[in-house]
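Given next are the chains, with one letter for each unit.
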Amino acid sequence: MKRKKKRARRGGRDSRPVLLNDDEIQAMREAGHLAASLLDDVKNYISVGITTEDIDRRIAKNTEDAGAISAPLGYRGFPKHCCTSVNDVVCHGIPTPSKELKSGDIVNVDVTPILKGFHGDSSRTFEVGDVSPVAKKLVSNTYRALWRGIRAINIDGFTGDIGNAIQVFAEELGYSVVREFTGHGINRIFHTSPTIFHYGASGKGEAISPGMSFTIEPMINLGHWKTDILEDGWTAVTRDGTLSAQFEHTLVITPAGPEVMTLGADEVPPF
């Protein structure tokens, strides 16, 4: 598929962040738990020979069985229930019956169920079969980069602290951080304020306040951070063809600090 000669637009949201009440935070917990359970199932399902369309059908069924709907389906014309991004695909890969997973692939699966009106947004990068040491390290370090961002959150801090922590960590390891896609506020609305950049200076951006809800979803590349969009209008790929990995969690800021709403059943955070 040909590449468009344009770059994806960065996130930019004008409204002030919505601050959730206790009932709304509980609803976010339920939506986040569902998102995590969908990915827990995918973790056990991923194998050599299945297609990304197979993954999408499984996500669709499990979402419907849980009494939820898939936010990506029909969102600005997106045609599937989840995103499946393989190898040099940075994000927004469209599931297709022709894309069969091979040993050595890495694939990010991004899900966003809507349950009782609230969104739970999460993604993980999975290893398929016998993955190279370089790819394994990229996947592992991208997950660690996500948690560096989470650990940088303080009630008296700023959203820029998140991006700074991610960028410093990733670049010290020789990786680059994609700048053309961001994390975002999320609640009843899929994408809203604040915008969460995965790079930049600490002390910048929105002040962190209890009740805020947003995603952190760094995309980390082996090569350069620049991306291109394919002719389907969605699929973002690394401009230099190198591997990319991503992990994403939805968080709500409570008086005690950040609460991760999309933790996997057996997930043990690093550090």
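Calculation notes
- Residues numbered from 1 in each chain as written.
- Predicted model: local features only at pLDDT ≥ 70, side-chain atom pairs only at ≥ 80, totals over all residues.
- Heavy atoms only, no water.
- Buried < 20%, exposed > 50% of the residue type's maximum accessible area, 1.4 Å probe, protein only.
- Helix = DSSP H or I, 4+ residues; strand = E, 2+ residues; numbered from the N terminus.
- Pairing = 2+ DSSP bridges.
- Contact = heavy atoms within 4.5 Å.
- Axes fitted to C-alpha atoms, helices over the stretch in contact; angles between N-to-C directions.
- 1 Å grid on protein atoms, 1.4 Å probe; cavity = no way out; pocket = protein on both sides within 12 Å on 5 of 7 lines; lining within 4 Å.
- Points joined across faces, edges and corners; volume = space filled by probe spheres on them.
- Nonpolar A, V, L, I, M, F, W, Y, C, P; charged D, E, K, R; others polar.
- Phe/Tyr/Trp six-rings, centres within 6.5 Å; stacked < 30°, edge-to-face > 60°.
- Lys NZ or Arg CZ within 6 Å of the ring centre and 35° of its normal.
- Salt bridge = Lys/Arg side-chain N within 4 Å of Asp/Glu carboxyl O.

Colleague: Tell me what's going on with the pairing of strand E8 (residues 122–127), and back it up with residues and numbers.
Modeller: Burial within E8 is extensive, with five of its six residues counted as buried. Strand direction decides the pairing type here: strand E5 (residues 106–111) and E8, joined by six bridges, are antiparallel. In the sheet register, Val107 faces E8, and the bridge partner there is Phe126.

Colleague: Pulling in residues and values, what's your account of the sheet that holds strand E13 (residues 219–221)?
Modeller: Strands sit in the order E9-E13-E16 across an open sheet of three strands; the sheet is antiparallel. Strands with a single pairing partner mark the edges of an open sheet, and in this sheet they are strand E9 (176–177) and strand E16 (244–246). Pairing of E9 with E13, which is carried by two bridges, proceeds in the antiparallel orientation. Looking across to E13, one finds that Val177 is bridged to Ile220. In this fold helix H3 (residues 133–151) packs onto E13 and E16, with an angle of close to 35 degrees to the strand it touches most, E16.

Colleague: Account for the layout of surface pockets, with residues named and values stated.
Modeller: Taken as a whole, the second largest pocket holds about 390 Å³ of empty space. Together, 16 residues line the second largest pocket, and Lys43, Arg124, Thr125, Tyr143 and Phe247 are the ones closest to its centre. Elements with a contribution of two residues or more to the lining of the second largest pocket: E8 and H3. Of the residues in the lining of the second largest pocket, the class split is five nonpolar, five polar and six charged.

Colleague: Go over the packing of aromatic side chains with me, naming the residues and quoting the values.
Modeller: This model, assessed by the stated rule, comprises four aromatic pairs. Relative to Phe247, the ring of Tyr143 has its centre 5.3 Å away and its plane inclined at 65 degrees; by these criteria the two rings are edge-to-face. Placement of the pair is Tyr143 in helix H3 and Phe247 in the loop between E16 and strand E17 (249–254), with a sequence separation of 104 residues. According to the relative accessible area criterion, Phe247 is buried, its value standing at 9%. Look at Phe197 and Tyr199: their rings are 5.8 Å apart centre to centre, the planes differ by 75 degrees, and that puts the pair in the edge-to-face class. We note Arg179 situated over the ring of Tyr199; from NZ or CZ to the ring centre the distance is 4.8 Å.

Colleague: Describe the pattern of salt bridges, and please don't skip the residues or the numbers.
Modeller: One pass over the full model with this rule turns up 13 salt bridges. Salt-bridge contacts for Asp40 lead to Arg124; the nearest nitrogen and oxygen are separated by 2.9 Å. On the criterion of sequence distance, the pair formed by Asp40 in helix H1 (residues 22–45) and Arg124 in strand E8 is long-range, its members being 84 residues apart. The residues Asp40 and Arg124 share a single accessibility class, namely buried. Two residues, Asp41 and Arg58, come together in a salt bridge whose shortest N-O distance is 2.6 Å. Taken together, the residues Asp41 in helix H1 and Arg58 in helix H2 (residues 52–65) connect sequence positions 17 residues apart.

Read these as geometric descriptors, not functional statements.
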